[in-house]
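# Coordinates in review
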Amino acid sequence: HYAERAARAAMAALGYEDAAALFDRALAALELEPGRSERVALLLGAGEARLASGDAEGARDAFLAAADEARARHRGDQLAAAALGLAGSGFEVALFDEQQIELLDEALALVGDDQPGLRSRLCARLSVALSLAGNDSRRAARQARGRARADRLQPRRAAPLHRAATAPSDSA
């Protein structure tokens, strides 16, 4: 518990490398209590800290491990968080990252309609990832569904991402 609180405090203070090390400590301590369910949250925190510190490969490993744990626990919300973490923030995406696309698709299938903002963010990230994978028809279908959902619900975080993600195809 202490290591996790310290890791979150380090993240808040922009000490990303320290936060990553503290999340690792919290994960190691959790191994001593195998019945605890915080592992996914700690892996997600480690992924965020590594991503913020510039350790893209370490972040990827943490997010994929979080996805595996979330999948095993049947936690769609945590799988979605891992998928969105793996996809990164902004519009920088890995070229032809089929693993990222599959994880976003899987998370989208598990997240219910009762979480429209989360579904909308997943659709937006999937659209961005598909834009570089050469699958324009799949991307266009996702864009249309995601744009309609974002425009209808207008979640503050999802709508701007949808508009930006669809801008290139709208202006063509």
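About the thresholds
- Residues numbered from 1 in each chain as written.
- Predicted model: local features only at pLDDT ≥ 70, side-chain atom pairs only at ≥ 80, totals over all residues.
- Heavy atoms only, no water.
- Helix = DSSP H or I, 4+ residues; strand = E, 2+ residues; numbered from the N terminus.
- Buried < 20%, exposed > 50% of the residue type's maximum accessible area, 1.4 Å probe, protein only.
- Core = buried A, V, L, I, M, F, W, Y, C linked by side-chain atoms within 4.5 Å.
- Contact = heavy atoms within 4.5 Å.
- Arc of directions from axis to C-beta.
- Salt bridge = Lys/Arg side-chain N within 4 Å of Asp/Glu carboxyl O.
- pLDDT = per-residue confidence, 0-100.

On to the environment of Arg 125, then. By the secondary structure assignment, Arg 125 is in helix α7 (residues 116-131). Among the residues examined, Arg 125 registers a relative accessible area of 4% and is labelled buried.

Despite not being glycine, Leu 14 has its phi angle at roughly 65°, a positive value. Note that Leu 14 resides in the loop between α1 (2-12) and α2 (16-30). Its identity is not glycine, yet His 74 carries a phi of approximately 60°, on the positive side. Within the secondary structure, His 74 is located in the loop between α4 (56-72) and α5 (76-87). Taking relative accessible area as the criterion, His 74 reaches 72% and is therefore assigned exposed.

Next up on the list: the nonpolar core. By size, the foremost hydrophobic cluster in this structure holds 44 residues, and its most contacted members are Phe 23, Leu 103, Leu 104 and Leu 122. Of all the elements in the fold, those that place two or more residues in this core are α1, α2, α3 (39-53), α4, α5, α6 (98-110) and α7. Discounting chain neighbours no more than four positions away, the residues touching Leu 103 are Leu 64, Ala 67, Arg 71, Leu 79, Ala 82, Ala 83 and Leu 86.

Bringing α1 into the picture now. All of the buried residues along α1 are Ala 3, Ala 6, Ala 7, Ala 10 and Met 11. Considered in projection along α1, the buried side chains sweep an arc of 140° and stay on one side of the axis. Exposed and oriented more than 90 degrees from the buried face of α1 are Tyr 2, Arg 5 and Ala 12. Here the buried face of α1 lies against α2 and α3. Phi turns positive one or two residues past the end of α1, at Leu 14, with a value near 65°.

To continue, consider the pattern of salt bridges. One pass over the full model with this rule turns up 11 salt bridges. For Arg 50, the salt bridge identified is with Asp 24, shortest N-O distance 2.4 Å. Residue Arg 50 is located in helix α3, and its partner Asp 24 is located in helix α2; the two are separated by 26 residues in the primary sequence. Look at Arg 50 and you get buried, because its relative accessible area is 14%. For Glu 31, the salt bridge is made with Arg 39, and the minimal N-O distance between the two is 3.2 Å. On the basis of relative accessibility, which here comes to 23%, the residue Arg 39 falls in the partly exposed class. Look at the salt bridges and you will find they share partners, linking Glu 31, Arg 39, Glu 69 and Arg 73 into a network.

Turning to the environment of Arg 71, a few remarks are in order. Checked against the element boundaries, Arg 71 lands in helix α4. Once residues within four sequence positions are removed from consideration, Arg 71 is found in contact with Leu 79, Leu 103 and Glu 106.

The next point concerns the confidence of the model for the protein chain. Put simply, the protein chain has an average pLDDT of 82, and 71% of its residues get 70 or more. Least confident of the elements in the protein chain is helix α9 (residues 158-171), whose mean pLDDT is 54; most confident is α3, at 96.

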